[in-house]
Every structure is written in C-alpha cells, then in structure tokens.
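Architecture at a glance
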Amino acid sequence: MSRAQHTARAAVGEPGAVRLVLILLALGWLALVILLPLFAVFAQAFARGWSTYRDTIAQPDTLAAIRLTLIVAAIAVPVNTVFGIVMAWTIAKHDFRGKDFFVSLIDLPFSVSPVVAGLCFVLLFGRNGWFGSWLSAHDIQVVFAVPGIVLATLFVTFPFVARELIPLMTAQGRDEEEAALTLGANGWQTFWHVTLPNIRWGLLYGMLLTNARAMGEFGAVSVISGHIRGQTNTMPLQVEVLYNEYNFTGAFAVASLLAGLALVTLVVKTALEWRHREQLAGAGH
Amino acid sequence: MTISIENVSKTFDTQSALNGVSLAIEDGAFVALLGPSGSGKTTLLRIIAGLAAADGGRILFGGEDVTERPVQKRGIGFVFQQYALFRHMTVAQNIAFGLTVMKGKDKPDRAARDRRVQELLELVRLPGLEKRFPAQLSGGQRQRVALARALARNPSILLLDEPFGALDAKVRKELRIALREIHDRVGLTSIFVTHDREEAFALADKVAILNLGKIEQFAPPQEIESAPASDFVRDFVS
C-alpha cells in the first residue's frame, strides 16, 4: 500500500467492526433491492420448465412484440446516434450564444416524465391534435401505430449519445481537427479519420445506453401505442398485458428477456469501462 | 514564397484583436511574431493560415490573393502549440496523413508515402520511431513529429504557434537549432509566434513586435535593439 493510501485510510479511521457492518449493510441492501427481484424474474419465468418458457415466448402476440421492439430499437439507435453526434459536435466544438440553454434542452427528455412525453405526441399527432386533420387527410397514422412508438422512443432516448459525447469532445478540443484541415483534409475526411476514432468508445457506450432504453421504455410508448395486441405492443407493454391477464409465466418469460438484455448491456458497459477507462473518464461516469 | 499582410483587422465581440496590421515578408525569411499575451499574434498567425477569417484586409502569398482561400488550399504547414498529433495514429500515420487524404492521381501510392515518411523522419532526426504512438513520445519528439507532419506535402510556408512553449530549456535550444536548419535546407518561408524575446531574437531574421493588435516595429533583431521604434518596444525588449 502506498503512503498516500495509508494516510487516507488512517484519516478516515473507522474501526474494523464499523467497516464490516457498513459493508454488510451495503451488500444486504444490494441483494434485497437488486439481486432478489432479478432472481425472482428468472425463477418465475422458468417455474414451469424450459418448454413452457419456450412456448410462451413463441406465442404470436409475444413474437410480434419482440419484433416491434427490435424494429423500434433498430430505428431509434441509428437516428439518435447521428443526431447525438451532430449535437455534441455543435456544442463541443463551437461557441455560440445560448449554448447553455441548448445543453439543458438536450436533457429535457431525462427530466420530463415519459408519460408527459407520450401525451405530447398524442396532442400533436392524435386525431384532434395539431397535425391530426392533415395526417388523416393524407391517410397517415402516427398515434396508435408504429410511427408514434418510434417518435416517443426517439424522444426519450435522445440525450444518451449527446450526453456521453459532449464532455469527451469538449475535453479533446479542436486542435486535432484543425491540424487535419491544415494538412489538406476536407470536413468529411476530418470527421472520419480524426473525430470519429477519438470518440468511438464513448459513442459505443452512448449507443448501448440508447438501445437499452429504447427496448425497455414503457411510459411514453404506453400512452401512444394504444395497446393493440400483435400490432402496437412492445415487449414492456406485452409484459403488462400478460400480467393483467394473470398469465404470470408469460409475463415473467418476456420480462426475463428484457432483464437478460439489461444484463448483457451491463456486462458490455463494464467491459468497455474497464478497457477504455482513460477515454471514458472525461465523460463523468 | 513572399507573404503580404495588408491592413488586416479582426474583432472578437467588442474587443479588437487586430487593428489594421500590415507586414511584407520576403521569400525565404524566418520571421518571429513577438508580443505579450493578448497582443493578437496568434490571431494573426491563424488568419495567415486560414484557420480564422479576418474582418478586413487581405493576405497575399507570392503576390496572389488568398484571403478567401480555405485553409486546405493555402499550401501551408502549421505546427500547433500542443502539437495536436492524432493520438490514435502511429508516428508514421501521423506524418503520412497529409498524403493519405489527397485525392485521385495526386495521391502518392503506399510505397511513395512510406519513402516520404522515412525522408521526413530523417530530416527531423527521429528514424526508427514510426511505429510508436504519440503518447509514447517525449515532448521534444512530439514536436519533431508535428514538424515532419506539417512538411509532408512540401509546403512553401511554415507557420508555428508557440512551437517551444511546452518544452524545457535544453530541448528548446536543440529544437531551435533543428528548426533553423530545416528552414534553411527546405527553403521555407516561416513565421512563428512567441512571447519569449530571447527566442525570437536568437532564431528570426526579422522580428515583428505586436502590442494591442498593432505592429510596433518590424525589423531585424539588431535594429530593434539599437533603435527601438517606441517606448513599448524599448520596455519589452530590455
């Protein structure tokens, strides 16, 4: 142990017993609040065996929900990746009036309740909404249809990539991009060869969080989807539907898929943090 | 190549950074822009490079107006204060960058690029380091790589922003000599920004002294010492 660490510990100076109690308390709380529910999900899902689990997942409505969730994520992740990069680039590499306001605006989807977000889209695109008559005149359905679900998901997952990249890009500054320009690179070459490689791990991390949220979002999607079975139910909504029908095995089977996704996200995230901690350090995670 | 700066001005918000600056720099000259911080010297260098736009005035290279020409097409080499090496690329990739981004038939093939990298590494006295990453180099080595990279496309003008600012005294002296040699050998016209009087006088053929966005004097070092043009110059160089 280095001298600095030693001094630090001495300065904090709890007796061994107190430390032990604190550690046990923390672990116990973690087990109760996080591990136990997680275990319960999987235990309940597999309570009637593997074949029941498989049959439950294979039901057409559930399969449709899985398909819809994958489609929504497949749209939301790339779109918010591109816009996240554009936002972060604009904010980190340029100075303009109202920048602070702009940055807080990006956080809005985090601070507003997802239900409110869903309602906003209903108000805008619903039958009696602002664009409702125009949309129905052109036979375009947004609310209670896939476009609405995609919009709501785009809204709630909007900040992840931008939030991840802004501190990273700010810390890296403009020097390397300017150097590339003086060496004859055009804007696209500069982005592709210099900017993107410098942010790649932070970007991947942001995309991962976007994906997790896009697949797991309940509130906003619930308001706008209309819960049409086999058509506008995503996985989280399907869990609710099955649960309300007392189909616990089914509900927990779908829930276990979502929980599995969360675990995979967590593992990849931890691996990323471990391998690229220096680069991610600037991002404040 | 001659560089003419004609009545260049630049304003940031309400503060004026450059106030009608004019300089005529001869072909092959080695010029220092010397001044205290906030005198506008870095702004002037960035305007010459095309990294910043002037609000008024003209820049001419070899008699040709380049004021509206983008930085990529000005044919300059630029060395940044903190080197700005591409951290995810090796030394060789850094140096070859200017060649790899060339388009079409101008772009040298792989073998020609490798040859050029070797040539430049020898020029800056760093042979054998091509596979290293910038993080694995000392400050002086990074500066040499930055110099090699800036020279890869054979610019006729080399611009350097506080090139020795972050280095210790011994490395700084070595690099000064190296830079002067390279300047003479390659036949460059060079401008460097510094706030260090001794450095400017030791290295440059002519020194431009800036204060509050204006040129106080533009003359060879001996002349500035023997006949300072203003009280500011007298105070600053003594």
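Residues numbered from 1 in each chain as written. Chains lettered and ligands numbered in written order. Predicted model: local features only at pLDDT ≥ 70, side-chain atom pairs only at ≥ 80, totals over all residues. Heavy atoms only, no water.

**What to know about helix H14 (residues 235-244) of chain A**
All names here are of chain A. Of all 10 residues making up H14, seven are buried, and the element is well covered by its neighbours. Tucked into the core, H14 has its buried residues touching helix H4 (60-93), helix H12 (187-216), helix H13 (219-225) and helix H15 (248-275). After H14 finishes, the residue Tyr246 shows a positive phi value of roughly 60°. (Buried < 20%, exposed > 50% of the residue type's maximum accessible area, 1.4 Å probe, protein only. Helix = DSSP H or I, 4+ residues; strand = E, 2+ residues; numbered from the N terminus. Contact = heavy atoms within 4.5 Å.)

**Some remarks on the domain arrangement of chain A**
Residue and element names in this part refer to chain A. Each assigned domain of chain A is listed with its residue range as follows: domain 1 (1-45) and domain 2 (48-279). Computed from C-alpha coordinates alone, the two centres of domain 1 and domain 2 are separated by 33 Å. The partner domain 2 presents nine residues to the five residues of domain 1 that form the contact. For the pair domain 1 and domain 2, the two sides together bury roughly 640 Å², of which 79% comes from carbon and sulfur. Contact with domain 2 buries area across many residues of domain 1, yet Val41, Gln44 and Ala45 alone supply 69% of it, more than any other trio. On the surface where domain 1 and domain 2 come into contact, there are zero residue pairs in polar contact (both at pLDDT 80 or more). (Domains from an automatic or database assignment. Buried area = accessible area lost by both parts, 1.4 Å probe. Polar contact = N/O pair within 3.5 Å; in protein donor to acceptor, adjacent residues only side chain to side chain.)

**Digging into the confidence of the model for chain A**
Reading predicted coordinates in detail is not appropriate for stretches of low pLDDT. All names here are of chain A. Across chain A, the average pLDDT comes to 87, with 92% of residues at 70 or higher. Within chain A, helix H11 (residues 175-182) carries the highest mean pLDDT (94), whereas helix H1 (residues 3-12) carries the lowest (54). Segment residues 281-285 is flagged for pLDDT under 50; beyond a separation of four residues in sequence, or across chains, it makes six contacts in the model. (pLDDT = per-residue confidence, 0-100.)

**Describing the nonpolar core**
Grouped together as the largest cluster of nonpolar side chains are 44 residues, with contacts concentrated most on Ile95, Leu147, Leu151, Leu158, Leu179, Val207 and Ile224 of chain B. Per-element accounting of this core gives the leading share, six residues, to helix H4 (residues 139-151) of chain B. (Core = buried A, V, L, I, M, F, W, Y, C linked by side-chain atoms within 4.5 Å.)

**Quick word on the interface of chain A and chain B**
With 19 residues of chain A at the contact, the number on the chain B side is 21 residues. Counting the surface lost from both chain A and chain B, the interface buries some 1,800 Å², and carbon and sulfur atoms represent 58% of this. When residues of chain A are sorted by the area they lose upon contact with chain B, Glu176, Thr182 and Leu183 of chain A head the list and together hold 36% of the total. There are two salt bridges connecting chain A and chain B. Here Arg46 of chain B ties to Glu178 of chain A by a salt bridge, and the two come within 2.6 Å at their closest N and O atoms. Inspection of the region where chain A meets chain B yields seven residue pairs in polar contact (both at pLDDT 80 or more). (Salt bridge = Lys/Arg side-chain N within 4 Å of Asp/Glu carboxyl O.)

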